[in-house]
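# Structural description and commentary
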Amino acid sequence: MTKKKANYGNSQTNERKTIKKLKRGFAYKLFYQLGVWTQNASLNDYYLAVSYTVRDRMQQLFINTIRAFQQKDSKIVSYLSAEFLMGPHLHNNLINLGIYDQVAQAAAESGLDLQQIIDHEEEPGLGNGGLGRLAACYLDSLASLEIPAIGYGIRYEFGMFDQAFDNGWQKELSDRWLQPGNPWEFKKADMAVEVGSGGYTEQYKDDHGKLRVRWVPGKLVKGIPYDTPILGYRVNTVNMLRLWSAEAPKSFDFAEFNVGDYLGAVHEKMLAETISKVLYPNDEQSHGKALRLYQQYFFVSCSMQDMIRIHLFQFENLDNFSDKFAVQLNDTHPAIAVPEFMRLLVDVHHYDWDSAWEIVTHTFAYTNHTLLPEALEKWPVAMLAGLLPRHLEIIYEINRRFLDLVRLEYPGDVDVVRRMSIIDETGERYVRMANLACVGGHAINGVAQLHTKLLKEHTLVDFHRLWPDKLINITNGVTPRRWMVVSNPRLSQLIRSAIGEEWITDLKKLQALEPLAEDSAFCEKWQQIKFANKQDICTMFACKQGPNYNPQALFDVQVKRIHEYKRQHLNLLHIVTLYQRLKNNPELDIPPRLFIFGGKAAPSYFMAKLIIKLINSVAEVVNGDPAVNKRLQILFIPNYNVQIGHIVYPMADLSEQISLAGKEASGTGNMKFAMNGALTVGTLDGANVEIREEVGAENFFLFGMNVGEVEARRAAGYNPQDIYNENKELHAAINLIATGHFSHGDRELFRPVIDSLLKHDPFMVLADYQAYVDCQQQVGEVFQDPQRWTRMAILNAARIGKFSSDRSITEYCRKIWQVKPFPVALTLQRVPDGGIKFP
Ligand code: GLG
């Protein structure tokens, strides 16, 4: 399907006019909006001026899309997510609008360098990693597929921390994304809503003498929405990311709330604002903190109230709410929406329980993103009782009714009741959020085939048995607009000139590249592009200890959160092994390699931070050793984020996807690498399985145990010490670390890593070590045959079509949301004098 172009296309005749208008736009914004003139404007002023000018060009589409939301026959997807890792907006918006070239030209004619302006943007890092970035890819696809959608989340004042290295240790610096000003958002102060906490519940009789319950909160805060337009690719649809910021409500004004106590009143205001102050920087770990629970409740309550308002704007009551809204719970973080919506329906809008439950369960669906037990959220009952007393009552009632159903289905089976209960009563009592989400929605999905299978067999086995059709798979995807067109312009241009543009919105079309894998001229161009991308990195980062990085080397890349299950330390053991081999045999015939790492560790995750220190320590020794540093180098890029991702994926030769089988739900970096023509070395975990299926086993470096083998190995009594004793190279590599070779003789520093590996090795690093090293040997050999390598790389890109987020979103629409595209008609026109003409 070819898409019609949005208004601001690149038609030749309008070109000059557009450029002239853009230049005038920059100057106008500088002068009137930012209050500076060209001579004294800073780079930030120019960034803001250009961004405001671009935003203006989205405005007509944005307002028309919101009008489309308000039409009775449009159904809206609400994506509820505690994280949206959007990445920089400017470049992406230029690409989606189709005015990159004109803006670049207008900037040049104004004496500006567009690239420099693009690079200046502070990205909104409102997410930890894959889960938040997935939400951002999905917003891009929803808009590009013309599906009306709102992303609902939190406008954290401080997003993900900035990472720096201090003597090799991770140092966390506070993120300042809002400091330079955010030109992409609109504050909608008059759309604020109130959210309660604490207090008590009481029964009362309504006007008809009916007994009802109401919640009397002890405190209120105000949620203020900030809207960011989310532009689709070359379509009229501009959806909305609505992020809530917490403020103290009016009712807490000085006179009423705290007579004469000025500081006390300010303190209240501060407490209220704490709610949206900072993103919890933990990936894959539940926090157990009351503030975190309240953050979740805060944005969910704001969002449900907002949807209800939108609905009642068009309809008399909420009976048909689930025909208007499909609400997706991105993991369990927003699962408190289930009792909140019940409360709003029963207590506020006076629905009876059964009708309310009918509406609720038809509205929600839940995506599970993890198999790690420590990531499954549960909240102490006592905490909920204090913070959200009415919600706890509602959860009990939901649970009572649900367990009746379970008992009916499995008479006499007390174990199944215990396991499925929303309340965990095995010790201190907890509310299990995954169980709540499973019960409160009409669909549950995993994020890759293997992940869904494991959910069915283990984590959610009881729910799957009770409701066999409810749990389905929708494999993740990523947007080719950001991860190819924006981040890899050279490759995108080559592909365009070879097969046209349709792949940008229909990624399966990349298949047309397959025959070109045999075309030597095309292969040569492909290689030149990879080389140029690699050179960029070498220019950007200078080696601190040794010779500068060599763009001829094999770029072997692992970028992702630092976590033991992702096994950055397995990668490191391979590096130390190569280091030893080179030291023992200087003539060894292996291709030069540059190992690149990127990723943050949760500030409280001791082992992950020690692994960062270990990588940096090995880097210092290896890079500084002239005996090896022509063939072995390590670069740990600090502060890995979306922006760094833009430069990392295009230059990689090899993508490290080496988690222990059964631990990574899907992974999405694996898709971005393959899209950009990197080959994968990986285990049969998460979406790796499907990537390998698509690109062909012969174009994928597979190693290690599969899930069944992992289970069997553990069942047989896994003893890592045996492997250490038997494997000479591994033994030597571990000893080198343990004896202080990389820590200036300090034998204590890395002892916790070594002890963990030798005593427990929870992620079976040692069990997969030999297979990994052997597989890497093969990688090195293939790399020495550039023709073969390039052919494999092209086939990876050509066969990656399945992993577009457009495919994922199309599946969500069909299998879960029952939503269709709703193309936006431009009924509200801009008029030349700057006013708005109503039709
Ligand atoms: C999770 C999982 C990843 C997954 C991502 C998006 O760990 O495997 O790709 O969600 O579904 N916390 C995450 O990043």
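Residues numbered from 1 in each chain as written. Predicted model: local features only at pLDDT ≥ 70, side-chain atom pairs only at ≥ 80, totals over all residues.

Counting its regular elements, the chain contains 33 helices and 27 strands. Taken along its principal axes, the extent of the C-alpha atoms in the chain is 90 × 75 × 60 Å. Put simply, the chain has 839 residues, and 50% of those count as buried. Long-range pairs, those at least 24 residues apart, make up 76% of the contacts in the chain with a sequence separation of at least 6. (Helix = DSSP H or I, 4+ residues; strand = E, 2+ residues; numbered from the N terminus. Buried ≥ 20, exposed ≤ 12 C-beta atoms within 10 Å, placed from the backbone. Contact = placed C-beta atoms within 7 Å.)

For the rest of this paragraph, the subject is the sheet that holds strand S20 (residues 554-559). If you trace the six strands from one edge of the open sheet to the other, you get S22-S21-S20-S23-S24-S25, paired in parallel fashion. Both edges of this open sheet fall to strand S22 (632-637) and strand S25 (701-702), since each of them pairs with a single strand only. By the bridge criterion, two bridges tie S20 to strand S23 (residues 654-657) in an arrangement that is parallel. When the bridges of S23 are listed, Asp-556 appears paired with Leu-654. In this fold helix H23 (residues 606-623) packs onto strand S21 (593-598) and S22, with an angle of close to 140° to the strand it touches most, S22. (Pairing = 2+ DSSP bridges. Axes fitted to C-alpha atoms, helices over the stretch in contact; angles between N-to-C directions.)

Here S23 shows two buried faces, one formed by Leu-654 and Glu-656 and the other by Ser-655 and Gln-657. Pairing between S23 and strand S24 (residues 679-682): four bridges, direction parallel. If you follow Glu-656 over to S24, its bridge partner there is Val-681. Between the parallel pair S23 and S24, the chain is carried across by helix H25 (residues 669-675), and the sense of this crossover is right-handed. (Right-handed = clockwise from strand over helix to strand, strands pointing away.)

Let's shift gears to the domain arrangement of the chain. Interfaces are often sized by the amount of accessible area the parts lose when they come together. Split into domains, the chain comes out as domain 1 (12-71 + 89-122), domain 2 (72-86 + 126-476 + 812-822) and domain 3 (544-785). For domain 2 and domain 3, the distance between their C-alpha centroids amounts to 37 Å. With 31 residues of domain 2 at the interface, the matching set in domain 3 holds 26 residues. Breaking the side of domain 2 that touches domain 3 down by element, the ones donating at least two residues are helix H6 (130-144), strand S5 (162-166), strand S6 (169-173) and helix H17 (449-459). Of the residues that constitute the side of domain 2 that touches domain 3, the class distribution is twelve nonpolar, 14 polar and five charged. (Domains from an automatic or database assignment. Nonpolar A, V, L, I, M, F, W, Y, C, P; charged D, E, K, R; others polar.)

A few words on the nonpolar core. Val-103, Leu-139, Phe-298, Ala-337 and Val-618 are the most contacted members of the largest nonpolar core, which has 249 residues in total. In terms of residue count, the dominant contributor to this core is helix H2 (residues 43-69) (eleven residues). Apart from the residues lying within four places of it in its own chain, the contact partners of Val-618 are Leu-572, Ile-575, Val-576, Ile-634 and Phe-742. (Core = buried A, V, L, I, M, F, W, Y, C linked by C-beta atoms within 7 Å.)

To continue, consider the UniProt feature "modified residue: N6-(pyridoxal phosphate)lysine" (unreviewed entry) in the chain. The UniProt record marks Lys-672 with the feature "modified residue: N6-(pyridoxal phosphate)lysine" (unreviewed entry), using the residue numbering of this structure. As for its placement among the helices and strands, Lys-672 is situated in helix H25. Sequence-distant contacts of Lys-672, that is, excluding residues within four places in its chain, are made with Val-478, Trp-483 and Tyr-649. (UniProt positions renumbered as here; feature names shortened; annotations may be inferred.)

Here we come to the environment of Arg-631. With respect to the secondary-structure elements, Arg-631 resides in the loop between H23 and S22. The spacing of Arg-631 and Asn-40 is 591 residues in sequence and 48 Å in space, taken between C-alpha atoms. In this structure Arg-631 touches Leu-582, Ile-590 and Pro-592, once residues within four positions along its chain are discounted.

Let us look at the sheet that holds strand S16 (residues 423-424). Strand order in the open sheet formed by three strands is S15-S17-S16, with antiparallel pairing between adjacent strands. Looking at the sheet topology across the chains shown, the edges are occupied by strand S15 (378-380) and S16. Strand direction decides the pairing type here: S16 and strand S17 (residues 430-432), joined by two bridges, are antiparallel. Across the sheet, the residue bridging to Asp-424 is Tyr-430, located in S17.

What follows covers the confidence of the model for the chain. Of the residues in the chain, 96% have a pLDDT of 70 or more, and the chain-wide mean is 95. Across the chain, the element-wise mean pLDDT spans from 52 in helix H7 (residues 254-257) up to 99 in S23. Here residues 1-9 is a poorly scored stretch, pLDDT under 50, and it has 17 contacts once near neighbours within four places are set aside; other chains count. Model confidence for the complex: the whole-complex pTM is 0.97, and ipTM, which rates the interface, is 0.99. (pLDDT = per-residue confidence, 0-100.)

A separate point is the pairing of strand S10 (residues 211-216). Bridge count for strand S9 (residues 200-205) against S10 is six bridges, and the pairing is antiparallel. Bridging from a neighbouring strand, Thr-201 pairs with Trp-215 of S10. Between S9 and S10, which follow one another and run antiparallel, lie five residues, and Gly-209 among them has a positive phi close to 80°.

Attention shifts here to the packing of helix H20 (residues 489-499) against helix H21 (residues 520-540). Relative orientation of the contacting elements H20 and H21 amounts to 165°, with a least axis distance of 9 Å. The angle between the axes of H20 and H21 places the two elements in the roughly antiparallel class. As H20 runs across H21, the sense of the crossing is right-handed. Residues Arg-490, Leu-491, Leu-494 and Ala-498 of H20 pack against Phe-522, Lys-525, Trp-526, Ile-529, Ala-532 and Asn-533 of H21. Classifying every residue of the contact of H20 with H21 by side-chain character gives seven nonpolar, one polar and two charged. (Parallel < 35°, antiparallel > 145°, perpendicular 65-115°, else oblique. Left-handed = near helix turned anticlockwise from the far one by under 90°.)

Before going further, it helps to examine unusual backbone geometry. With glycine set apart, most residues show a phi of negative sign, and most peptide bonds adopt trans. The phi dihedral of His-744 is positive, around 50°, even though this residue is not glycine. Note on His-744: 10 C-beta atoms within 10 Å, which makes it exposed.

Time to look at the environment of Pro-638. Residue placement: Pro-638 occurs in the loop between S22 and helix H24 (642-651). Along the backbone, Pro-638 and Phe-165 are 473 residues apart, and their C-alpha atoms lie at a distance of 7.0 Å. Apart from the residues within four sequence positions on either side, Pro-638 is in contact with Gln-163, Ala-164 and Phe-165.

What follows deals with the packing of H23 against helix H30 (residues 751-760). Between two packed helices, both the angle of their axes relative to each other and the distance between the axes serve to describe the pair. Direction vectors running N to C along H23 and H30 enclose 115°, while the axes themselves pass 9 Å from each other. One element, H23, and the other, H30, form an angle in the roughly perpendicular class. Here H23 and H30 pass one another in a crossing that is left-handed. Taking contact as the criterion, the partners of Met-607, Leu-610, Ile-611 and Leu-614 in H23 are, on H30, Pro-752, Val-753 and Ser-756. Grouping the amino acids of the contact of H23 with H30 by side-chain chemistry returns six nonpolar, one polar and no charged.

This next bit is on H6. Over its 15 residues, H6 runs 21 Å from end to end, which matches the ideal 21 Å to within 8%, given 1.5 Å per residue. Counting buried residues in H6 gives 15 out of 15 residues, a clear majority hidden from the surface. Just downstream of H6, Glu-146 is the residue with a positive phi angle, here 60°. (Expected span 1.5 Å × (residues − 1).)

Helix length check: H2, at 27 residues, gives a terminal C-alpha distance of 37 Å against a target of 39 Å (1.5 Å per residue), a fit within 8%. Within H2, the axis deviates most sharply at Met-58, by approximately 40°. (Bend = angle between axes of the 7 residues up to and from the residue.)

Here the focus is the environment of Asn-93. Note on placement: Asn-93 falls in helix H3 (residues 90-97). Taking C-alpha positions, Asn-93 is 7.8 Å from Val-54, a pair spaced 39 residues apart along the chain. Excluding its chain neighbours within four sequence positions, the residues that come into contact with Asn-93 are Val-54, Met-58 and Leu-231.

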